[in-house]
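If you want the building blocks of each chain, they are given just below.
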Amino acid sequence: MTVKVTWHGHATLSLDVNGQKVLVDPFFSGNPACKTNADNVEADYILITHAHGDHMADALPIAKRTGALVITNFEIGNWMIANGHSNVHQQHIGGGYYHPIGYIKLTIAFHGSSFNDGSYGGMPSGFLLNVDEKRIYIAGDTAVYSDMALIGRYGLDLAILPIGDNFTMGPDDALLAAKFLKAKTVMPYHYNTWPPIEQDCQTWSAQVRSETSSNVIVLDPEGSFTLD
Ligand code: NI
Ligand code: MN
């Protein structure tokens, strides 16, 4: 009974939940931090936080090839269906659902969510997953907000937070987020992909360790760890 977390660089994650593959925000093609070829990625589920290209560039081709169930907001779900992938479960902010793999809820994220052509991609989200008796919060692209403390009340095993600044919260606000969330383990993502979001993750993790009771895991792109 374990959850293996792999970071492919930027905001792209794979969770292996007892052999079930959960892909989050698939961005392999054009992702400078990533060595994985989108053509070889396995997926039983694909979670998409918002419609920006750096979060769903490869979502449609991987969904079509694997037949994965796409879990995302109503608007992105409609776009997937209109573009030929009908295995979609649409949810929205604050709403959770018991999927075969576990309970998955969409959380608030303060950001944008337009598609590349400018069309509307609904409200951006994060995800709160309760899988294999582990509670995992994936913040998505967001500013810090004090209601993260409410998410923390569920008791988190892992919180995955953007630290890149510029497009999302930066290191100082992500430290504040860690204080609201009180997760057992915190992991940074959405940084070092491009110059505007370059950050020193070691300094940040030392600060989180000294100012919170959370453990910090820093992965290299394509690195993994097991949550058990
Ligand atoms: Ni974005
Ligand atoms: Mn982004």
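As shown above, the structure is provided for reference.
Owing to the predicted nature of the structure, the values given are computational and were not obtained by experimental measurement.

A. Looking closely at the coordination of the manganese ion (ligand 2). For the manganese ion (ligand 2), the full set of protein donor atoms is Asp54 (OD), His55 (NE2), Asp141 (OD) and His190 (NE2), and the range of their distances to it is 2.1 to 2.3 Å. Donor residues for the manganese ion (ligand 2), ordered by position in the chain, follow D-H-x85-D-x48-H. Here the manganese ion (ligand 2) and the nickel ion (ligand 1) are spaced 3.1 Å apart, with Asp141 acting as a shared donor. You can see His55 sitting in helix H1 (residues 53–56) and its partner Asp141 sitting in the loop between strand S10 (134–138) and helix H4 (148–152), a full 86 residues away along the chain. Owing to a relative accessible area of 0%, His55 belongs among the buried residues under this scheme. Residue classification places Asp141 among the buried positions, given a relative accessible area of 2%.

B. The arrangement of the pairing of strand S12 (residues 185–189) in detail. Of all the 5 residues making up S12, 5 are buried; the element is thus mostly covered by neighbouring parts of the structure. Here S12 shows no split at all, with Thr185, Met187 and Tyr189 on one side and Val186 and Pro188 on the other all buried. Following the backbone out of strand S11 (residues 158–162), through helix H5 (residues 171–181) and into the adjacent parallel S12, one traces a crossover that is right-handed. Both S12 and strand S13 (residues 215–216) contribute to a ladder of 2 bridges, which runs parallel. What sits directly across from Thr185, in S13, is Asn215. For the handedness criterion, the β-α-β arrangement of S12, helix H6 (residues 201–211) and S13 is classed as right-handed.

C. Inspection of the coordination of the nickel ion (ligand 1) at higher detail. The protein atoms that coordinate the nickel ion (ligand 1) are His50 (NE2), His52 (ND1), His111 (NE2) and Asp141 (OD), at distances spanning 2.2 to 2.5 Å. Angles of 83 to 174° at the metal separate the 4 donor atoms of the nickel ion (ligand 1), which places the site in the irregular class.

D. Expanded view of the environment of Ala139. Counting through the fold element by element, Ala139 comes out in the loop between S10 and H4. Ala139 sits in the buried class, given a relative accessible area of 0%. Considered as a pair, Ala139 and Leu47 are 92 residues apart in the sequence and their alpha carbons are 12 Å apart. Excluding anything up to four places from it in sequence, Ala139 contacts Ala109, Ser125, Gly126, Ile160, Leu161, Pro162 and Tyr189.

E. The arrangement of the nonpolar core in detail. Counting residues in hydrophobic clusters, the biggest one holds 52 residues, and the most contacted among them are Leu47, Leu129, Ile136, Tyr137, Leu161, Leu181 and Met187. Ranked by the residues each element gives to this core, the list is headed by H5, at 5 residues. In contact with Leu47, not counting residues within four places along its chain, are Val22, Leu23, Val24, Asp25, Pro26, Ile71, Ile104, Phe127 and Leu129. If you look at the next biggest cluster of nonpolar residues, it comprises 20 residues, including Ala38, Ile46, Ile48 and Val88.

F. Structural detail: the sheet that holds strand S7 (residues 96–99). The 7 strands are arranged S7-S8-S9-S10-S11-S12-S13 in an open sheet whose pairing can be described as mixed. In this open sheet, the two strands that pair with only one neighbour each are S7 and S13. Taken strand by strand, H5 contacts S10, S11 and S12, and its axis lies near 160° from that of S11.

G. Looking closely at the packing of H5 against H6. One way to put it is that H5 packs onto H6 with a least axis distance of 10 Å and a crossing angle of 30°. Classified by the angle their axes make, H5 and H6 are roughly parallel. Judged by the twist between their axes, the crossing of H5 over H6 is right-handed. Contacts from Pro171, Ala174, Leu175, Ala178 and Lys179 in H5 reach Trp204, Gln207, Val208 and Glu211 in H6. Tallied by class, residues from the contact of H5 with H6 come to 6 nonpolar, 1 polar and 2 charged.

H. Structural detail: the packing of aromatic side chains. For the coordinates displayed, the defined rule picks out 5 aromatic pairs. For the pair Phe27 and Trp194, a centre-to-centre distance of 6.1 Å together with 40° between the ring planes defines the contact as tilted. Placement of Phe27 in the loop between strand S3 (20–24) and strand S4 (45–47) and of Trp194 in the loop between S12 and H6 is noted, with a sequence separation of 167 residues between them. Accessibility expressed as a relative area gives 31% for Trp194, which makes it partly exposed. Between Phe110 and Tyr145, the aromatic rings sit 5.4 Å apart at their centres with planes inclined by 70°, giving edge-to-face as the arrangement. One end of the pair, Phe110, is in the loop between strand S8 (102–108) and strand S9 (125–131); the other, Tyr145, is in the loop between S10 and H4, and 35 residues separate them in sequence.

What counts and what doesn't
Residues numbered from 1 in each chain as written. Chains lettered and ligands numbered in written order. Predicted model: local features only at pLDDT ≥ 70, side-chain atom pairs only at ≥ 80, totals over all residues. Heavy atoms only, no water. Donors = N, O, S within 2.8 Å, 3.2 Å for Na, K, Ca; no water. Helix = DSSP H or I, 4+ residues; strand = E, 2+ residues; numbered from the N terminus. Buried < 20%, exposed > 50% of the residue type's maximum accessible area, 1.4 Å probe, protein only. Right-handed = clockwise from strand over helix to strand, strands pointing away. Pairing = 2+ DSSP bridges. Tetrahedral: all angles 85-135°; square planar, octahedral: opposite > 155°, others 65-115°. Contact = heavy atoms within 4.5 Å. Core = buried A, V, L, I, M, F, W, Y, C linked by side-chain atoms within 4.5 Å. Axes fitted to C-alpha atoms, helices over the stretch in contact; angles between N-to-C directions. Parallel < 35°, antiparallel > 145°, perpendicular 65-115°, else oblique. Left-handed = near helix turned anticlockwise from the far one by under 90°. Nonpolar A, V, L, I, M, F, W, Y, C, P; charged D, E, K, R; others polar. Phe/Tyr/Trp six-rings, centres within 6.5 Å; stacked < 30°, edge-to-face > 60°.

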